[in-house]
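# Structure assessment
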Amino acid sequence: MKTKKRQGKSSKEKTLRAAALIMILAGIVLAGCSSLDCPYMNRVYTKYQLEGDVKTLADTLTVTTSRLTDDSDTILLNQAIGVDSFELPVSYMGDQDEFHFHIKRADGETFTDTVKVKKTNQTHFESVDCNPSYFHTLTSVSYTKHTIDSIVIHNAQVNYDASQPHFYIYFRY
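Before going into details, it helps to say that this report is about the structure given with it.

Parameters and conventions
Residues numbered from 1 in each chain as written. Predicted model: local features only at pLDDT ≥ 70, side-chain atom pairs only at ≥ 80, totals over all residues. Heavy atoms only, no water. Helix = DSSP H or I, 4+ residues; strand = E, 2+ residues; numbered from the N terminus. Buried < 20%, exposed > 50% of the residue type's maximum accessible area, 1.4 Å probe, protein only. Contact = heavy atoms within 4.5 Å. Areas by Shrake-Rupley, 256 points an atom, 1.4 Å probe, with all protein chains shown as cover. Pairing = 2+ DSSP bridges.

This part takes up the overall build of the chain. Scanning the chain from N- to C-terminus turns up one helix and ten strands. Going through the 173 residues of the chain one by one, you find that 32% of them count as buried. For the chain, the share of sequence-separated contacts (at least 6 apart) that also reach a separation of at least 24 residues comes to 54%. Split by element, the accessible area of the chain, about 11,600 Å² in all, is 54% carbon and sulfur.

Rendered as structure tokens:
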């Protein structure tokens, strides 16, 4: 009895493997092309950079704001010490944001300054499949002067890039 040696893959088998490989590659390419470039976090933040004599905050800083729904306070920055900058979120559609800067000195003395930031809001369109987002233009800033000497708008355009400071803030000792 003679046995036939198999001398390689049949042409049908090669065709099926090639077709399967093409389908896998096409699936990978289509999946890559159909992904959306929606930002993971579509909130924008303003960056406050300490300037002047106090370039690093030795005191404890807590920043709060009032919620629009029930007027309760919410903490945006909690007990920051030794910072030279910090970021605060911007409301989506409000024309003005109000922040309360609570400073607690090493001796236990506390002060509160109120900072009001006026801005204009621009709708930012990414895609119909993405959540809406808003960019802003800072128009003015006003503040009380218990521990804050001054605040200057440095970069008025607020978008996803918070690497450059939007405000220079000068604290007094």
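Let's pick the thread back up.
Mapped onto the elements, Ser142 comes out in strand E7 (residues 133-143). In this structure the C-alpha to C-alpha distance between Ser142 and Thr114, which are 28 residues apart in sequence, comes to 8.3 Å. Residues within four places of Ser142 in sequence aside, it is in contact with Thr114, Val115 and Lys116.

Glancing now at the sheet that holds strand E6 (residues 110-124). With antiparallel pairing, the six strands of this open sheet are ordered in space as E3-E2-E5-E6-E7-E9. Each of the sheet's edge strands pairs with one partner strand only, and the pair in question is strand E3 (73-80) and strand E9 (157-158). Here strand E2 (residues 60-66) runs beside E3; their pairing, made up of five bridges, is antiparallel. Bridged to Leu61 within E3 is Ala80.

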